Amino acid sequence: MAAGKPWTRPELMLAVELYCRTPFGRIHQGNPDIVTLASVLGRTPSSVGMKMVNFAALDETIEQKGMSNVSKADREIWSEFFAAPADFLDRVEGIRQNEYVLPDPLDRFTVHEVREGIDVERTVKARRNQSFFREMILAAYNGRCAVTGITQPELLVAGHIVGWAQDTELRMRPTNGICLNALHDRAFDRYLVSFENTGEMILSKRLKVTEENKPFFEGRRLSLPHRFRPDPVCLGKHRDRMVDFDKA
């Protein structure tokens, strides 16, 4: 293992990608994913772990900060990720395939039912982006629904605040996501509920609240994640659309 060797851009990009999909409490030298990346990069797991924690110092969405001696290269890579997450992920995939032998961390799937060529490529890219977005949002919320605290993975959805089809620039932005259980995600997606910037749930006039379902909606609020807190601008856009639906 080389000690003190400078981090290259590809190495930093791989570290950012792993940081984004790793719960903060699992950023340590014993994490198998960190051990694997360290082995491939020729670094120690503690070195990779410290680099990942260092990115937390650049994450303006969290209160807990990492080390303060981040480099100019760290800042540049972090800014690149936030500026265009989808493009960043494409470059990381290229690094994984062409420069380092690393397992694909995202779910594989069969594409035999779609047409060959560009359709397959677009489908693969879309599915990969969606899988990464889910891992990133669930990691930010430590695998818990932000409203109920449910931890069953099959019941959790990494929902977009501003919808996938509404704004392509926001599709992969981590601050445009919330981890919700399937019920509340469906209500949020249909603009039957929304949230204040402070987390309080707002109920649409179209939501039929009965005695049986009151506990699911009344008095509920978001538990904010450890990182990638919901963007107030995105939440504001969601509230505005709920108002428009209520007026229709």
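As a reminder, the structure under discussion sits directly above these lines.
Residues numbered from 1 in each chain as written. Predicted model: local features only at pLDDT ≥ 70, side-chain atom pairs only at ≥ 80, totals over all residues. Heavy atoms only, no water.

A.B. asks: Is there a simple way to think about the overall build of the chain in this case?
C.D. replies: Within the chain, the regular secondary structure consists of 9 helices and 4 strands. Shown N-terminal to C-terminal, the secondary structure of the chain runs as helices and strands in the order α-α-α-α-α-α-β-β-α-β-β-α-α. Across the 248 residues in the chain, those meeting the buried criterion constitute 45%. Summed over all atoms, the accessible surface of the chain reaches about 13,100 Å², with 51% contributed by carbon and sulfur. (Helix = DSSP H or I, 4+ residues; strand = E, 2+ residues; numbered from the N terminus. Buried < 20%, exposed > 50% of the residue type's maximum accessible area, 1.4 Å probe, protein only. Areas by Shrake-Rupley, 256 points an atom, 1.4 Å probe, with all protein chains shown as cover.)

A.B. asks: How should the packing of helix α4 (residues 72-83) against helix α5 (residues 85-98) be read in this particular structure?
C.D. replies: For any two helices packed against each other, the geometry is given by the interaxial angle and the distance between the axes. Contact geometry for α4 and α5: axes closest at 5 Å, N-to-C directions at 120°. Taken together, the axes of α4 and α5 are oblique relative to one another. Contact residues: α4 offers Ile-77, Glu-80, Phe-81, Phe-82 and Ala-83, while α5 offers Pro-85, Phe-88 and Arg-91. A class-by-class count of the residues in the contact of α4 with α5 yields 6 nonpolar, no polar and 2 charged. (Axes fitted to C-alpha atoms, helices over the stretch in contact; angles between N-to-C directions. Parallel < 35°, antiparallel > 145°, perpendicular 65-115°, else oblique. Contact = heavy atoms within 4.5 Å. Nonpolar A, V, L, I, M, F, W, Y, C, P; charged D, E, K, R; others polar.)

A.B. asks: Mind showing me how you'd approach the pattern of salt bridges here?
C.D. replies: Side chains that differ in sign of charge can pair as their charged atoms come close. Counting across every chain of the model gives 11 salt bridges. Between Glu-11 and Arg-43 there is a salt bridge, with the nearest N and O atoms lying 2.9 Å from each other. Remark: Arg-43 occurs in the loop between α2 (32-41) and α3 (45-56) and Glu-11 occurs in helix α1 (residues 9-20); sequence separation between them is 32 residues. Judged by its relative accessible area of 4%, Glu-11 is buried. Linking Glu-80 and Arg-91 is a salt bridge whose minimum nitrogen-to-oxygen distance equals 3.4 Å. With a gap of 11 residues between them, Glu-80 in helix α4 and Arg-91 in helix α5 connect regions that are remote in the sequence. Members of the salt-bridge network, linked through shared partners, are Glu-17, Arg-21, Glu-93, Arg-96 and Arg-128. (Salt bridge = Lys/Arg side-chain N within 4 Å of Asp/Glu carboxyl O.)

A.B. asks: Could you clarify how one ought to interpret the packing of α2 against α3 in this entry?
C.D. replies: Put simply, α2 and α3 touch, their axes get as near as 8 Å, and they point 110° apart. Here α3 runs roughly perpendicular to α2, going by the angle between their axes. At the point where α2 passes α3, the crossing takes the right-handed sense. Between α2, through Ile-34, Val-35, Leu-37 and Ala-38, and α3, the contact on the second element is made entirely by Pro-45, Val-48, Gly-49 and Met-52. (Left-handed = near helix turned anticlockwise from the far one by under 90°.)

A.B. asks: Explain α4 to me, please; I cannot follow it from the model alone.
C.D. replies: Residues lying three or four places apart along an α-helix face the same way, a consequence of the helix completing one turn every 3.6 residues. A rise of 1.5 Å per residue sets the reference length of α4, with its 12 residues, at 16 Å; its end C-alpha atoms lie 16 Å apart and thus fit the reference within 8%. For α4, the set of buried residues is Asp-74, Ile-77, Trp-78, Phe-81 and Phe-82. Seen along its axis, α4 keeps its buried residues to an arc of 135°; they face one direction. Residues Lys-72 and Ala-83 are exposed on α4 and point more than 90 degrees away from its buried face. (Expected span 1.5 Å × (residues − 1). Arc of directions from axis to C-beta.)

A.B. asks: Sorry, what's going on with the pairing of strand β2 (residues 177-181) here?
C.D. replies: Working note: regular strand, side chains alternate between the two faces of the sheet. The element β2 is largely enclosed, with a buried count of 5 among its 5 residues. Neither face of β2 is exposed, since Gly-177, Cys-179 and Asn-181 on one face and Ile-178 and Leu-180 on the opposite face are all buried. The pairing of strand β1 (residues 156-160) with β2 spans 5 bridges and is antiparallel. What sits directly across from Leu-156, in β2, is Asn-181. (Pairing = 2+ DSSP bridges.)

A.B. asks: Could you clarify how one ought to interpret the environment of Arg-26 in this entry?
C.D. replies: Inspection of the secondary structure puts Arg-26 in the loop between α1 and α2. Along the chain, Arg-26 and Ala-139 lie 113 residues apart, while their C-alpha atoms are 9.5 Å from each other. Filtering out sequence-adjacent residues up to four positions away, Arg-26 remains in contact with Asn-31, Pro-32 and Ile-34.

A.B. asks: For this particular structure, what's the right way to read α3?
C.D. replies: Over its 12 residues, α3 runs 17 Å from end to end, which matches the ideal 16 Å to within 8%, given 1.5 Å per residue. Within α3, the full set of buried residues consists of Ser-47, Val-48, Gly-49, Lys-51, Met-52, Asn-54, Phe-55 and Ala-56. Tucked inside the fold, the buried residues of α3 contact α1, α2 and α4.

A.B. asks: Help me out: how do you make sense of the nonpolar core in this one?
C.D. replies: Burial of nonpolar side chains together is a common tendency in soluble globular proteins. The biggest cluster of nonpolar side chains holds 62 residues, and the ones touching the most others in it are Tyr-19 and Ile-178. When sequence neighbours within four positions are dropped, the list of residues in contact with Tyr-19 reads Phe-24, Ile-27, Met-52, Phe-55, Ala-56, Asp-59, Ile-62, Trp-78, Arg-227 and Phe-228. (Core = buried A, V, L, I, M, F, W, Y, C linked by side-chain atoms within 4.5 Å.)

A.B. asks: Please explain the environment of Arg-96 as it appears in this structure.
C.D. replies: The residue Arg-96 is located in helix α5 in this model. When the C-alpha atoms of Arg-96 and Pro-10 are compared, they prove to be 9.1 Å apart, with 86 residues separating the residues in sequence. Reaching out from Arg-96, the side chain makes a polar contact with the side chain of Glu-17 at a distance of 3.5 Å. (Polar contact = N/O pair within 3.5 Å; in protein donor to acceptor, adjacent residues only side chain to side chain.)

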